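# Inside the fold
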Amino acid sequence: MASTDSGPAVTRRAQARLGIALVAPAAILVLLFFILPLANAMYFAVIRFDGVNPNPPFVGLANFTQMLGDPVVWRALGNNAIWIAIGTAAPLLMGLVIALLLWNVGRGSLWYRVAFFIPFILPGVAIGVVWGWIYDPIRGWLNEVLRMVGLGEATTGWLGNPDTALYAVIATAVWASVGFAIVVFLAALQSVDADLIDAATIDGAGAVQRTRHVVLPQIMPIFLMVATVTLIGGFSVFDIIFVMTGGGPAGATEVLGTYAYSNAFQFNRISYGTALALLITILAVPFTIGLNRLQRRMSLYRTGA
Amino acid sequence: MPRPGALRFGAALSTVAFVAAACTGVPSGPSSAADPSAGADGGGEATGALRFLVEAPEDPAQLDPLREQITVFEGENPGITVELEAVPLDTLRTTLQPQLRSGEGPDVFNWGSGPAFGGAFAEAGLLYDLTDAYEQYEWPIYGFAKDQVTFDGKIMGVPGEMETIGLYYNVDLFKELGIDEPTTLEELTAAADTVKEAGIIPIAVHDAEGWQGGHLLSMALSSRVGGEGMEALLNGEASWDSPDVVAALQTWQDFNEAGYLPPTPTGVDYDTGNSLFFSGEAAMLPNGSWLVNDIPGVDFEVGYIPFPAPDGPGIFTAGLGSGPYISANTEHPEAALEFVNYLVSSEYGRFMVEELTVIPPFPVDTDDLEISPLYAQVLEDTSSFAGGEGEFGANIDVRSTELFNEAMWNGVQGILTGQMTPEEAAQAMEAAPVE
Amino acid sequence: MEGPRRSEQPRFLPSDLGRHAILLVLAFVSLFPLILTVSTAFKTEQDVRVNPFGLFSSFSMENLVTAWTVGDFGDYVLNTFILSVPSTVLVVVISIMAGYAFARLPFPGRTVVFYLVVLGLLVPFFTYMIPLYFQLQGMGLLNTLPGVILVLTTTGLAFGTIFMRAFFSELPPELEQAARIDGASELQIFTRVMLPLVTPGAGALAVFTFLQNWNNLLVPLLYLPGGDFRPLTMGLYVFLGGRGIDIGPLAAGTLITILPVIVLFIVLQRQVTRGILAGAVKG
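Everything numeric here is computed off the predicted structure, so don't read it as measured data.

Turning our eyes to something else, we now look at the overall build of chain C. Within chain C, the regular secondary structure consists of 13 helices and zero strands. Ordered by position in the sequence, the α and β elements of chain C form the string α-α-α-α-α-α-α-α-α-α-α-α-α. Across the 283 residues of chain C, 64% fall into the buried class. Contacts in chain C between residues at least 24 apart in sequence constitute 70% of all its contacts with a sequence separation of at least 6.

Here the focus is the domain arrangement of chain C. Assigned domains within chain C: domain 1 (6-66) and domain 2 (73-282). When each unit is reduced to the centre of its C-alpha atoms, the spacing between domain 1 of chain C and domain 2 of chain C is 28 Å.

Residue and element names in this part refer to chain B. The grouping of Glu-68, Glu-354, Glu-355 and Glu-370 at the surface amounts to a negative patch. Position of Glu-354 among the secondary structure elements: in helix 13 (residues 346-354). On the basis of relative accessibility, which here comes to 36%, the residue Glu-354 falls in the partly exposed class.

Next up on the list: the packing of helix 4 (residues 73-104) of chain C against helix 9 (residues 186-194) of chain C. Residues and elements named next belong to chain C. The geometry of helix 4 relative to helix 9 is characterised by a closest axis approach of 12 Å and an angle of 110° between their N-to-C directions. By the angle between their axes, helix 4 is roughly perpendicular relative to helix 9. Facing helix 4, whose interface residues are Ile-96, Met-97, Tyr-100 and Arg-104, helix 9 presents Ile-189, Phe-190 and Met-194. For the contact of helix 4 with helix 9, the per-class residue count stands at six nonpolar, no polar and one charged.

Residue and element names in this part refer to chain B. Its domain assignment divides chain B into domain 1 (50-161 + 321-369) and domain 2 (163-320 + 381-431). The gap between the C-alpha centroids of domain 1 and domain 2 is 29 Å. Taken residue by residue, the interface counts 19 residues in domain 1 and 17 residues in domain 2. Ranking the residues of domain 1 by area buried against domain 2 places Tyr-142, Phe-144 and Ile-359 at the top, with a combined share of 33%. Elements that contribute at least two residues to the side of domain 1 that touches domain 2 include exactly helix 4 (115-123) and helix 6 (143-147).

Residue and element names in this part refer to chain C. For chain C, mean pLDDT is 84; residues scoring 70 or higher make up 89% of the total. Looking over chain C, one finds the lowest element-wise mean pLDDT in helix 2 (residues 45-50), namely 73, and the highest in helix 7 (residues 145-169), namely 95. Note that residues 1-11 has pLDDT below 50 and, in this model, 26 contacts with residues that lie over four places away or in other chains. The model gives residues 275-283 a pLDDT under 50, and that stretch makes 15 contacts with residues more than four places away or in other chains. Interface scoring of the predicted complex returns ipTM 0.88; its pTM is 0.86.

With that settled, the discussion passes to the interface of chain C and chain A. The partner chain A presents 108 residues to the 111 residues of chain C that form the contact. Interface area, chain C with chain A, both sides summed: about 10,300 Å², of which 75% is carbon and sulfur. Remark: the boundary between chain C and chain A carries zero salt bridges. Applying the counting criterion to the chain C and chain A interface returns 11 residue pairs in polar contact (both at pLDDT 80 or more). The greatest single-element share of the side of chain C that touches chain A, amounting to 16 residues, is contributed by helix 1 (residues 16-41) of chain C. Considering only residue class, the side of chain C that touches chain A consists of 81 nonpolar, 18 polar and 12 charged.

Turning to the side chain of Gln148(B), a few remarks are in order. All names here are of chain B. Tracing the sequence through the fold places Gln-148 in the loop between helix 6 and strand 4 (150-151). By relative accessible area, Gln-148 is classed as buried at 12%. Polar contacts involving the side chain of Gln-148 include one to the side chain of Arg-399, which spans 3.4 Å. Setting aside its immediate chain neighbours within four residues, Gln-148 contacts Ser-113, Gly-114, Pro-115, Leu-320 and Arg-399.

This part takes up the side chain of Glu176(C). Take Glu176(C): it is sitting in helix 8 (residues 173-181). Setting aside its immediate chain neighbours within four residues, Glu176(C) contacts Gln15(A), Arg104(C), Ile189(C) and Met194(C).

A rise of 1.5 Å per residue sets the reference length of helix 16 (residues 402-416) of chain B, with its 15 residues, at 21 Å; its end C-alpha atoms lie 21 Å apart and thus fit the reference within 8%. Just downstream of helix 16 of chain B lies Gly418(B), where phi reads positive at about 80°.

All names here are of chain B. Taken in spatial order, the four strands line up as 2-1-3-11 in an open sheet, and their pairing is mixed. Because the sheet does not close on itself, it has two edges, and the strands there are strand 2 (81-87) and strand 11 (322-326). Neighbour to neighbour, the strand axes of the sheet diverge by 30° on average, direction disregarded. Note that strand 1 (residues 49-55) and strand 3 (residues 108-112) share two bridges and pair parallel.

Before going further, it helps to examine the nonpolar core. If you look at the biggest cluster of nonpolar residues, it comprises 342 residues, and the most contacted ones within it are Met225(A), Tyr168(B), Phe163(C), Phe168(C) and Tyr223(C). Beyond its immediate sequence surroundings of up to four residues, Phe163(C) is in contact with Val184(A), Met225(A), Gly201(C), Ala204(C), Leu205(C) and Phe208(C).

Attention shifts here to the packing of aromatic side chains. What the rule picks out here adds up to 63 aromatic pairs over all chains. Measuring from centroid to centroid gives 5.9 Å for Phe180(A) and Phe159(C), while their planes differ by 50°, and the two rings are tilted. Separated into two different chains, Phe180(A) in helix 7 (residues 165-189) and Phe159(C) in helix 7 make up a pair that spans both. For the ring pair Phe81(C) and Phe210(C), a centre distance of 6.5 Å and an interplane angle of 40° mean the geometry is tilted. You can see Phe81(C) sitting in helix 4 and its partner Phe210(C) sitting in helix 10 (residues 199-214), a full 129 residues away along the chain. By relative accessible area, which is 34% here, Phe81(C) ends up partly exposed. The exposure class of Phe210(C) is buried, given its relative accessible area of 7%. The rings of Phe117(A), Phe120(A), Phe180(A), Phe159(C), Phe163(C), Phe167(C), Phe208(C) and Phe265(C) are connected pair by pair, giving a single aromatic cluster.

Residue and element names in this part refer to chain B. Contact geometry of helix 2 (residues 63-76) with helix 12 (residues 333-343) gives a least axis separation of 11 Å together with a crossing angle of 125°. Looking at the two axes, helix 2 sits oblique to helix 12. Between helix 2 and helix 12 lies a crossing whose hand is right-handed. Every residue of helix 12 that contacts helix 2 at Gln-69, Ile-70, Val-72, Phe-73 and Glu-76 is listed here: Glu-338, Phe-339 and Tyr-342.

About the thresholds
- Residues numbered from 1 in each chain as written.
- Chains lettered and ligands numbered in written order.
- Predicted model: local features only at pLDDT ≥ 70, side-chain atom pairs only at ≥ 80, totals over all residues.
- Heavy atoms only, no water.
- Helix = DSSP H or I, 4+ residues; strand = E, 2+ residues; numbered from the N terminus.
- Buried < 20%, exposed > 50% of the residue type's maximum accessible area, 1.4 Å probe, protein only.
- Contact = heavy atoms within 4.5 Å.
- Domains from an automatic or database assignment.
- Patch = residues over 30% accessible without salt bridge, like charges linked within 9 Å, V, L, I, M, F, W, Y side chains within 5 Å.
- Areas by Shrake-Rupley, 256 points an atom, 1.4 Å probe, with all protein chains shown as cover.
- Salt bridge = Lys/Arg side-chain N within 4 Å of Asp/Glu carboxyl O.
- Lys, Arg positive; Asp, Glu negative; His and termini not counted.
- Charge placed at Lys NZ, Arg CZ, Asp CG, Glu CD.
- Axes fitted to C-alpha atoms, helices over the stretch in contact; angles between N-to-C directions.
- Parallel < 35°, antiparallel > 145°, perpendicular 65-115°, else oblique.
- Nonpolar A, V, L, I, M, F, W, Y, C, P; charged D, E, K, R; others polar.
- Buried area = accessible area lost by both parts, 1.4 Å probe.
- pLDDT = per-residue confidence, 0-100.
- Polar contact = N/O pair within 3.5 Å; in protein donor to acceptor, adjacent residues only side chain to side chain.
- Expected span 1.5 Å × (residues − 1).
- Pairing = 2+ DSSP bridges.
- Core = buried A, V, L, I, M, F, W, Y, C linked by side-chain atoms within 4.5 Å.
- Phe/Tyr/Trp six-rings, centres within 6.5 Å; stacked < 30°, edge-to-face > 60°.
- Left-handed = near helix turned anticlockwise from the far one by under 90°.

Below is the structure:
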């Protein structure tokens, strides 16, 4: 897989030894405190557990077939798809652009960075409350601003309006996560070879071209990593939706994550809830593998796992 | 986030432990391998401290008076210490059950009454049977409240505080606009029209969190079908997609379409809805007796009436909050019983009324307490019908399962946003599994 | 050949003024909700209830006082540090190690192990949190500080690993070759050559991990049923009691809660800035 493998077998053995040693702590912890309990949890997905019966019957994949017939699941999937599409692209692109803008500001950029990062720091509860005010139908800031600029007809219930609720929550989520992307990209930009950029400028390349052909390739692993993390996050997203709308109104913002949680912890349908959570994982796997392969292919040096 | 009224929590994860234990070979009794870490005392096996876990109260400032009461109890019962911990609702939902089952949980804890809460825990064997204690201590709990914590013929806990749901209204504003207190549905509608013409929001309905839908339906329906009608519905003798239910749901749809409600009520959350009423921007507010605590800060006179029926003044609906249960795994049953005994004493009852501003599920002499007139009236109304005089309706969500509640809450939100018709909502409720 | 050189001021976009204008607008949008929070935190309680939307319509410290006293913040601050710092350090160290191995050290089974570690990102925590509860009990780790720290660490590893791996992937293999030719062992290559080059990434990871642990309520609450080491968020959530939210103290409490993270961020980011201007890094 790694095309820049060093030659001598000695080096390869030394690398393998060090590699195993370095990976061991992570592997052990993950195995003990994640894989093991997860395996236990998966047991629930293949039984029909009503919360009381100590000998629940084994039902195989019945929980999963139930999902196929559950209209809420399909609606949730649709919402997840929308979330993934917008919620991945927006912070990625905006994060990159702002990071590039900040890159040249040098020392003064610290305060900008703080400003952009603060949304990411705020606890979910606070975000939910404050954005609830911004979106309030009657006196909320967003509607007030719309009225002030003459767009009074665009005012709506936002979080209470089933047509706009999901997008409103996405907007908040993007607002909260752009700071993350900015910080990561700025860190990545540290290693970019500025000579190449200067050379490209001299050659007459425009800003967009410089970005696409000089900068982006150099930070590609990190760019794709952020894309991966954000995209996978879109499958399991739960907290912010739960805080802002609880999946409502009447299920308009229900996603797999909130539905799984409600089933497991509210409706006492632990088996179904666990199966839904596993569905999230199953759906995210191909994307993870795909993006990982892409990252391997597109990174300049091809050294990754 | 959905924070249902009547202080609810989600349904239990009950016997997860059995199964998980089967998988991992973990013993699920109190004599487990875990030991409390160094630092602040935890567990309290050796010292005899009771762990008392409550849900974070409406007003966090109530925690200190609560601690004082606990100190009083400790003074009267040397040898028993009680540690209080308050945890928010939603977190309690996920953490309480495994902790109880593992033996690491609290000894005494506040939890909801009714089948979805106390009932679920009772079925899972997590509760200490209090039937004998009731006889021994002669706790004077109201009959209907006691029923809500009786499962399988055994009394498994103490009911929570009583709560009613009704309509608050701005008395001064009504006088100004020349409106009398509405005593029928028609009068309410007329009043709303008058208010609307004056440029004020007639009814500050808030349904962003979703659980308010249960209250909206409960108050309209209870007044329409009466106490017995509600019992029939809750017992399954009458069906939820009957005309009365649809009519009650229809009322709210009609109100919404007539513009009596704030724009997009599903976008208005609990606190914002209340603030509309407090600031005078709305004339009426459907809410519960727990709000009485917040009223004194307001600068106009406030009245509290039951939601009117088509043909008369309607009845208040009653529900129960969270009351103390004892963990089946407790290591200090005697101390726990003494503590619970204290929690239903008249001394504590007066504390509940005065400091916590809630209505105890047992009679309390309130003559010399300093409370607002509105509160006194609410207390009087409630204790009279709880004691058996007069009719009262039911807060549906306390008496039903979470699956049903979800259908109900979604139904009301659906109606208010035009995603569902009242018939569809009623059908969804009827179709919801009852277990 | 020289490695990547950090530039002084790469001239990337022409107009300075234009750039700052855009940045200022975006920064304002970014900060506006914080401004709302600050305004609310400093209002009187009555004002918050009646007029929640008014900006700076009154001024009072009572919310801050309430948050600190009723929320028991004084007690909880130390606990939160005790919970957050060790787990953050562990996550960063272990992630750096594993990230480097996954990025640059081929060994048998590397891909599989990588996917297993990263699997944590694809699985919502609540899926396995209850089985983990009983497992910890069986291991004697329930209700213990080490137990909670281990759980906090493990939940941060999936992200930490994939994060550091990406930073290590960026580095050119020529650096490795050169060091090898110079006689450095693999370990020395890792610690002396590669590791210093990912400090910006490590710093960012430290902030992210610290933040996640700092804001985490569920893990300490669930796995410390005895009530020890309750974190700051516990105090914050007290204001979510009942049906409504005690917004004034919640806002004030939020401000208190985010302060340490902001401080950490500024400190670590300052290092990064210093790095930019410190000049070239040799190959």
